[in-house]
Amino acid sequence: MFVAFMKKIIKLITVSVFCVSLCFGLLVKAEVKIAAPRIVNIINFIRNVEPRDSVITEDVLYQTVVKQVQILKDHQLKGTFLLQYDALINPRYQQLLTKDVYPGTEIGGWWEITEPHVKAAGLKWRGRYSWDWHANVGFATGYTPAEREKLVDVYMTKFKEIFGKYPTSIGSWFIDAHTLAYMADKYHVIASCNCKDQVGTDGYTMWGGYWNQAYYPSKKNAYMPAQTEQGQISVPIFRMLGSDPIYQYDSGLGGSRQSVVSLEPVYKEGGGSQKWVEWLFKSLFEEPCLAFGYTQVGQENSFTWNAMEQGFEIQIPLLDKLQKEKKIQVATLSEVGSWFKMQFPLTPATAVTTLTDFRSNGKKTVWYNSRYYRANLLWDESSFRFRDIHLFNEAYQSDYLNKAGTSTQCIYTTLPFVDGCLWSSVKQLAGLRLKYRDLSGKMVEAKGKVPTVTEKGNNLIVKWPLINKAVLSITFMEDRMLVSCPGLANWQLELTTLQDIKLPFTSITSHKVEAIQKSFSYQVLCTRGRFVDTRNHDNGSILCIEPINGQLELSFKQN
């Protein structure tokens, strides 16, 4: 009893020291007008085999991790290494990650399911190889809830047998709510991480979720942010891979899958580019973010060291420099999870602001997230649109909550109101645009200049000066959005999409838009202003939102 008590005390002290460190960082950052901590996880996850390429042998995979360990050690940065079961039981990784890593480095679990793992749980392996990336075999969603619990128990028992304790961080491209809740309740997992938003990449679609940063997931759907403490799993999920805030969203537009524009060090136009990395870090670490800024650095060993070395040699020294300058805090996944839980009883509002364009195309973007919705603004030279608005509802149940997925694909979604990716083509971009009636009586799209973004408490305020000296003002609040445009008469927001695209809207009345996604009903309320149904038009127009007394307000909170 006494030993267990002391372990808890030591754990609380460790977390408190980390939180004090973050608070100290806030004081330092105040001098350079950065109002929130900027946090980095260095997460590398480890596979023991790579059946997709015969050149990538077990030894090549191991030596990749050796190099990852060494570069972090050279720069005295602690990281998080997440192990698949087959790597967990490999003595070489046990030796490497206990004796050769920089002090403070964390070891956790990577939740891709392998043949040794399944057999140890007394289940039948259905894969083509000893690790099979198809969703119905290689991920927990392909197993029944009872089977998932067996897989968790076997992994946790083996991990404790090897390392003397249970892991407190678990990551996966996607992890189901049943598995995560079971890990939290029985084994006290503190933090998790999942894949960035993507469409069709490797057969996995995760679309419309909390963009970057972290959220508490619904007990019914690990991809869906919860709105209440009663409805949430109290394990924050951090979004991985550091997506390009401007270009990832539209990459592969019109096709069946997206390309990747991310911080992953293997991508030469992303995480393997010095200029791109410096640009992304400036956006993430210096521009408005509300509660906190976050990104994940690192790579799975399947890509091999030869492919990722250049990116690591760019990113790790830069993180070392930024931490020494007290501009960021590099921490383990569990440390950040503990800090998050101490700071936020519910998912906080956060933002990613990017007001420069690495490609010099004149684009700028703002992402806003809360526990109720996400929204994305995009400027393209003098043009502007809401590119994305998705709603969150903890009652929206995942397809995989109570049964195994049988498809090789995996799909997680939220509740769309504006979708500038799936409702678009290369030639016709969906979005919610500002329009006004010109002197000829025609409705035309507004044009403007450089926007500004400011933080006011938990709210994010975006102002866009128009070329006619009016100013569009958008205030993002936790459960709603307020829009005004002083100086501009006869204005409205118009939603247009690709014609003949299947949309979720079932009813558009003056104060309510009703919609259905996978038999689940949701709504958007216009609490100031009114909706106008324009679906009979032949130009792709779906609806307009007209202000009353110069303002319109949309509520995204669900009944």
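Because the structure is a prediction, the values reported are computed rather than measured.

Colleague: Where do I start with helix H7 (residues 145–163) in this structure?
Modeller: Residues three or four positions apart in an α-helix share a direction because the helix packs 3.6 residues into each turn. Helix length check: H7 (19 residues) gives 27 Å between terminal C-alpha atoms against 27 Å at 1.5 Å per residue, within 8%. For H7, every residue scored as buried is listed here: Pro145, Arg148, Leu151, Val152, Val154, Tyr155, Met156, Phe159 and Phe163. The positive-phi residue at the C-terminal boundary of H7 is Gly164, with phi of around 85°.

Colleague: Could you clarify how one ought to interpret the sheet that holds strand S27 (residues 505–509) in this entry?
Modeller: Strands belonging to one sheet form pairs held by backbone hydrogen bonds; the direction of such a pair is parallel or antiparallel. Pairing within the open sheet is antiparallel, and its eight strands lie in the order S22-S23-S24-S25-S32-S29-S28-S27. A strand with exactly one partner marks an edge of an open sheet, and here the two such strands are strand S22 (452–456) and S27. Mean inter-strand twist for the sheet, computed between neighbouring axes without regard to direction, equals 15°. Inspection of the sheet shows S22 paired to strand S23 (residues 459–465) by five bridges, in the antiparallel sense. Bridging across to S23, Thr452 finds its partner in Lys463.

Colleague: Please explain the packing of aromatic side chains as it appears in this structure.
Modeller: The description of an aromatic ring pair uses the distance of the two centres, along with the angle that the planes make with each other. As enumerated under the stated definition, the model contains 44 aromatic pairs in all. Aromatic side chains Trp110 and Trp173 sit 5.4 Å apart centroid to centroid with 90° between the ring planes, which places their arrangement in the edge-to-face category. Taken as a pair, Trp110 in strand S3 (residues 106–110) and Trp173 in the loop between strand S4 (169–171) and helix H8 (177–187) lie far apart in primary sequence, 63 residues in all. Comparing Trp110 with Trp173, the two get one shared label, buried. The interplanar angle of 45° and the centroid separation of 6.0 Å between the aromatic rings of Trp279 and Phe358 together place this pair among those described as tilted.

Colleague: Hey, could you run me through helix H11 (residues 333–343) in this one?
Modeller: Of all 11 residues that make up H11, eight are buried, and the element is covered over most of its length. Residues of H11 that are buried: Leu333, Ser334, Glu335, Val336, Gly337, Ser338, Trp339 and Phe340.

Colleague: Explain the sheet that holds strand S7 (residues 204–207) to me, please; I cannot follow it from the model alone.
Modeller: Within the open sheet, the three strands sit side by side as S6-S7-S18. Their pairing is mixed. The open sheet has two edge strands, strand S6 (198–201) and strand S18 (410–413), and neither has a second partner. Here the average twist between neighbouring strands, direction ignored, is 5°. Judged from the four bridges that link them, S7 and S18 form a sheet pairing that is parallel. Among the inter-strand pairings, Tyr204 is bridged to a residue of S18, identified as Cys410.

Colleague: How should the nonpolar core be read in this particular structure?
Modeller: Buried together is how nonpolar side chains tend to be arranged in soluble globular proteins. One finds Phe417 and Phe476 to be the most contacted residues of the largest nonpolar core, which totals 175 residues. Residues in contact with Phe476, not counting those within four places in the same chain, are Tyr368, Tyr373, Ala375, Leu377, Phe386, Asn459, Leu460, Val462 and Met481.

Colleague: Which parts of the structure should I look at to understand the pattern of salt bridges?
Modeller: Where charged atoms of side chains with opposite charge meet at close range, the side chains can pair. One pass over the structure, following the stated rule, counts 25 salt bridges. Ionic pairing is found between Arg52 and Glu50, a salt bridge with its closest N-O pair at 2.8 Å. For Glu50, a relative accessible area of 7% translates into the label buried. The shortest N-O distance in the salt bridge between Arg128 and Asp132 comes to 2.8 Å. Overall, the relative accessible area of 42% leaves Arg128 in the partly exposed class. A relative accessible area of 1% means that Asp132 is categorised as buried.

Colleague: So what exactly am I meant to see when it comes to the environment of Thr141 here?
Modeller: Inspection of the secondary structure puts Thr141 in the loop between helix H6 (135–138) and H7. Residues in contact with Thr141, not counting those within four places in the same chain, are Ala135, Arg148, Phe174, Asp176, Tyr400, Lys403, Ala404, Gly405, Cys410 and Tyr412.

Colleague: For this particular structure, what's the right way to read the side chain of Glu106?
Modeller: Mapped onto the fold, Glu106 is located in strand S3. Buried within the structure, Glu106 lacks any salt-bridge partner; its nearest side chain of opposite charge belongs to Lys165, at an N-O separation of 6.3 Å. There is a polar contact of 3.0 Å between the side chain of Glu106 and the side chain of Ser169.

Colleague: Looking at this model, I keep getting lost on the pairing of strand S17 (residues 383–391). Mind explaining?
Modeller: Successive side chains on a regular strand alternate, one facing one side of the sheet and the next facing the other. Among the nine residues of S17, nine are classified as buried, and the element is accordingly described as predominantly covered. Bridge count between strand S16 (residues 373–380) and S17: eight bridges; the pairing is antiparallel. Along S17, the bridge assignment pairs Leu378 with Arg385. Counting the residues between successive antiparallel strands, the hairpin from S16 to S17 contains two residues, one of them, Glu381, with a positive phi of roughly 55°. Summarising the sheet, S17 and strand S19 (residues 415–419) pair through four bridges and their orientation is antiparallel. Bridged to Ile389 within S19 is Val418.

Rules of the game
Residues numbered from 1 in each chain as written. Predicted model: local features only at pLDDT ≥ 70, side-chain atom pairs only at ≥ 80, totals over all residues. Heavy atoms only, no water. Helix = DSSP H or I, 4+ residues; strand = E, 2+ residues; numbered from the N terminus. Expected span 1.5 Å × (residues − 1). Buried < 20%, exposed > 50% of the residue type's maximum accessible area, 1.4 Å probe, protein only. Pairing = 2+ DSSP bridges. Axes fitted to C-alpha atoms, helices over the stretch in contact; angles between N-to-C directions. Phe/Tyr/Trp six-rings, centres within 6.5 Å; stacked < 30°, edge-to-face > 60°. Core = buried A, V, L, I, M, F, W, Y, C linked by side-chain atoms within 4.5 Å. Contact = heavy atoms within 4.5 Å. Salt bridge = Lys/Arg side-chain N within 4 Å of Asp/Glu carboxyl O. Lys, Arg positive; Asp, Glu negative; His and termini not counted. Polar contact = N/O pair within 3.5 Å; in protein donor to acceptor, adjacent residues only side chain to side chain.

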